[in-house]
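Observations on chain architecture
Each chain is listed here by its residues.
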Amino acid sequence: MTVKIPLRLRGLDLRDANAYTHIAPDLAELSWEANGGVSLAVVYSDDQFPVAAAADWARRVAKLMPGVEVAEVHDELVSVSDIAARAGVAAEAARLWAAGKRRASLRPFPAPRQVVGRGSGGKSMSLYTWREVVSWIRDVIGIDPDEGIDYLNEAEHAYLNAELAANAASAGAWHPIDVGTTNITTDVRGPRCVGRGVVRLLDVEPLDGPSTTGRRGTLRVALT
Amino acid sequence: MSAQRYGPDDTWPLHQKPYWNKALAEARQADWTLTFIDAPHNFGVVSCPAGEHTFGVDKTAVGGETKSKEAIKKIRWCQHGSGQSGSKVRARQLETVRQGLIIAEAKQDAQEDLDRLELQLRTAASNVEEVLLAEQEAALQAAIDVDQAPDPETLSAELDDATATVKRSESVAKALKVGRPTLAKPLLDRANEAHERIAALQDRVATLRERICPDVG
């Protein structure tokens, strides 16, 4: 079964169709989508080690798309109404599942991951992790609302998030390179990918002389 | 970006992969829109009516079939599509009813076409019957006329009488030829012509007799 690993992106809003034109062609194998304000690059992996494959894709995203990074593995949260719609049952049936009043003898329904308010009146709404809910529906109800797809288990999920955090920490570290006092001619103004690194011009000041538009400054290179 | 935007009422461009066309058709039916980018690796972007859910459609990237199946789930799970005022189950039920209505309407149209054709056929049959009746009447009249016609024997007898008359005229002309040759010549010529015409008529009478009674003679 194919493992679905949604990677939540930072620095890209895929609700805007124009944003899709900035996706590097080498990343076309990923599935790009927006779910409200959450932009995702989804890895569909048949690999023996899907966590490693996803971590590798996250590194490639950071390398090929300056300004965009993978924040974490997205854990999709769903309401009772979403569960009912996805499972193709009445909302009341899903509510009874979630309340433990129906089909709870074999295996208890997953606990909510989050509870949010529903405006005034003190009402609240429970949100559940879809990958846990779909597992319960498959086991207990015997139907498959997410056919052909598997998700990472809790341990894999945590491990991949740790990997992504380590990636981000490494990418953010600047490594100064001593280039001496020789003038360097460059047209770098904003961050730019150069080879395996990102080049950014800092601390710029105008060069002497009224006829030049050049700048003197420090060139900083971050290796990914 | 020089992208073309297609709404649910437009005809969307076709993808070269059939599995993507299936997903695109479902999106269009659920009132989603397509931003057709048509770049070398990028077919376009599909957005739900609220613009909150979007997904990219690549051209030939690896895993396209899985992505298209997942896109269909995304469309079905989105609460902004057609039937957004209720659950997606109800939306699907409404869609089923809509499809049923389309089929029923098509059947009704077909039935009306059938009725119209049947009426046309009945009219045509009636016309043909009228024509046949007229023809039968004409044939009957012709048969009556034929019945009133003389039979070959009568005709043959009349021709024999005619031959005898011509022969008598011929003998008179021959007798006249001695004393009044200029007066006799036209009479003899007319007698010869009469003989030729009688011979021709006798041939026709013989033919008619064979047609009426083929076994005779």
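Residues numbered from 1 in each chain as written. Chains lettered and ligands numbered in written order. Predicted model: local features only at pLDDT ≥ 70, side-chain atom pairs only at ≥ 80, totals over all residues.

**Examining the overall build of chain B**
This is how it is decided: Strands are runs of DSSP state E lasting at least 2 residues, helices are runs of H or I lasting at least 4, and numbering of each runs from the N terminus. The burial criterion counts other C-beta atoms lying within 10 Å of a residue's C-beta, which is placed from the backbone; the residue is buried at 20 or more, exposed at 12 or fewer, and partly exposed between these limits. Distance between backbone-placed C-beta atoms decides contact: two residues are in contact if it is within 7 Å.
The helix and strand inventory of chain B stands at five helices and four strands. Helices and strands appear in chain B in the N-to-C order β-α-β-β-β-α-α-α-α. Out of the 217 residues in chain B, the part that is buried amounts to 17%. Long-range contacts, defined as pairs at least 24 residues apart, comprise 49% of the intrachain contacts of chain B with a sequence gap of at least 6.

**Quick word on the overall build of chain A**
On a plain count of helices and strands, chain A comes out with five helices and eleven strands. Buried positions account for 29% of the 224 residues belonging to chain A. Nonlocal contacts in chain A, meaning residues at least 24 apart in sequence, comprise 59% of its contacts between residues at least 6 apart.

**Considerations on the interface of chain A and chain B**
Put simply, the rule is: Under the grouping applied here, Gly and all other residues not named as nonpolar or charged are polar, the nonpolar ones being Ala, Val, Leu, Ile, Met, Phe, Trp, Tyr, Cys and Pro and the charged ones Asp, Glu, Lys and Arg.
If you look at the interface, chain A gives 24 residues, while chain B gives 29 residues. Sorting the residues of the side of chain A that touches chain B by element identifies strand S2 (31–35) and helix H2 (80–87) of chain A as the ones contributing at least two each. Residue contributions to the side of chain A that touches chain B peak at five residues, all from S2 of chain A. The residue inventory of the side of chain A that touches chain B, partitioned by class, reads eleven nonpolar, eight polar and five charged.

**Considerations on helix H1 (residues 50–64) of chain A**
Because an α-helix packs 3.6 residues into every turn, residues spaced three or four apart end up facing the same way. Residue and element names in this part refer to chain A. We apply this condition: By definition here, a helix of n residues has an expected span of 1.5 Å times n minus one. What the arc describes is the spread of directions from the helix axis to the C-beta atoms.
The terminal C-alpha atoms of H1 lie 21 Å apart, and with 15 residues this matches the ideal 21 Å at 1.5 Å per residue to within 8%. Taken as a whole, H1 has its buried residues at Pro-50, Val-51, Ala-54, Ala-55, Trp-57, Ala-58, Val-61 and Ala-62. Viewed along the axis of H1, the buried residues span an arc of 160°, placing them on a single side of the element.

**Digging into the nonpolar core**
Residues and elements named next belong to chain A. Stated precisely, the cut-off is as follows: Under the definition applied here, buried Ala, Val, Leu, Ile, Met, Phe, Trp, Tyr and Cys residues are grouped into a nonpolar core through C-beta atoms within 7 Å.
Core analysis: the largest hydrophobic core is formed by 48 residues, its most contacted members being Leu-7, Tyr-20, Ala-41, Val-43, Ala-54 and Ala-58. Per-element accounting of this core gives the leading share, seven residues, to H1. Counting residues in hydrophobic clusters, the runner-up holds 16 residues, among them Trp-97, Ala-98, Val-134 and Trp-136.

**Notes on unusual backbone geometry**
The backbone phi angle of Arg-103 of chain A is positive, close to 60°, even though this residue is not glycine. Following the sequence through the fold, Arg-103 of chain A ends up in the loop between helix H3 (91–98) and strand S6 (114–117). We note that Asp-38 of chain B has phi near 55°; this positive angle belongs to a residue other than glycine. Within the element layout of this structure, Asp-38 of chain B appears in the loop between strand S2 (33–36) and strand S3 (42–47).

**Comments concerning the packing of helix H4 (residues 152–179) of chain B against helix H5 (residues 181–212) of chain B**
Two measures define how a pair of helices packs: the angle their axes make with one another and the distance between the axes. All names here are of chain B. Put simply, the test is: Between the N-to-C directions of two axes lies an angle of 0 to 180 degrees, each axis being a line fitted to C-alpha atoms and, for a helix, fitted only over the stretch in contact. Roughly parallel here means an angle under 35 degrees, roughly antiparallel means over 145, roughly perpendicular means 65 to 115, and every remaining angle is called oblique. In this scheme the crossing of two helices becomes right-handed for a clockwise turn of the near helix relative to the far one and left-handed for an anticlockwise turn of less than a right angle.
Running from N to C, H4 and H5 point in directions that differ by 165°, and their axes come no closer than 9 Å. The angle between the axes of H4 and H5 places the two elements in the roughly antiparallel class. In the crossing of H4 with H5, the sense of the turn from one axis to the other is left-handed. Considering only residue class, the contact of H4 with H5 consists of 19 nonpolar, five polar and three charged.

**Quick word on the packing of H2 of chain A against H3 of chain A**
All names here are of chain A. In contact at an axis separation of 8 Å, H2 and H3 are set at 120° when each is read in the N-to-C sense. Relative to H3, the element H2 lies oblique. Note that H2 runs across H3; the crossing there is right-handed. Residues Val-80, Ser-81, Ile-83, Ala-84 and Ala-87 of H2 form the contact with H3, whose participating residues are Ala-91, Ala-93, Ala-94, Arg-95 and Ala-98. Taken together, the residues that form the contact of H2 with H3 break down as eight nonpolar, one polar and one charged.

**Comments concerning the sheet that holds strand S7 (residues 124–129) of chain A**
Residue and element names in this part refer to chain A. Heads up, the condition is: Pairing between two strands is assigned when DSSP locates at least 2 bridges connecting them.
Pairing is antiparallel across the open sheet formed by three strands, whose spatial order is S5-S7-S6. The strands lining the two open edges of the sheet, one partner per strand, are strand S5 (77–78) and S6. Pairing between S5 and S7: two bridges, direction antiparallel. Paired with Leu-77 across the two strands is Thr-129, which belongs to S7. The sheet contacts of helix H4 (residues 130–141) involve S5 and S7, and relative to S7 the element is tilted by about 75°.

**Points about the confidence of the model for chain B**
Basically, it comes down to this: Confidence of the predictor at the level of single residues is given by pLDDT, which spans 0 to 100.
Scored by pLDDT, chain B has a mean of 81; 87% of the residues are at 70 or more. Among the scores for the predicted complex, ipTM is 0.73 and pTM is 0.59.

**A word on the pairing of S2 of chain B**
Residues and elements named next belong to chain B. Pairing of strand S1 (residues 4–6) with S2, which is carried by three bridges, proceeds in the antiparallel orientation. Bridge assignment links Arg-5 to a residue of S2, and that residue is Thr-35. Inspection of the sheet shows S2 paired to S3 by four bridges, in the antiparallel sense. Bridging across to S3, Leu-34 finds its partner in Val-46.

**Topic: the environment of Leu-160 of chain A**
All names here are of chain A. Relative to the assigned elements, Leu-160 resides in helix H5 (residues 154–172). The exposure class assigned to Leu-160 is buried, which follows from the 24 C-beta atoms found within 10 Å. Measuring from C-alpha to C-alpha, the distance between Leu-160 and Val-73 comes to 7.2 Å, with 87 residues separating the pair along the chain. Once you skip the residues sitting within four places of it in the chain, Leu-160 turns out to touch Val-51, Ala-54, Ala-55, Val-73 and Leu-152.

**Some thoughts on the environment of Val-43 of chain A**
Residue and element names in this part refer to chain A. With respect to the element layout, Val-43 can be found in strand S3 (residues 38–45). By the C-beta count within 10 Å, which is 26 here, Val-43 ends up buried. Separated by eleven residues in the primary sequence, Val-43 and Ala-54 have C-alpha atoms spaced 6.4 Å apart. Leave out the neighbours within four places in its chain, and Val-43 touches Ile-5, Leu-7, Leu-30, Ala-53, Ala-54 and Trp-57.

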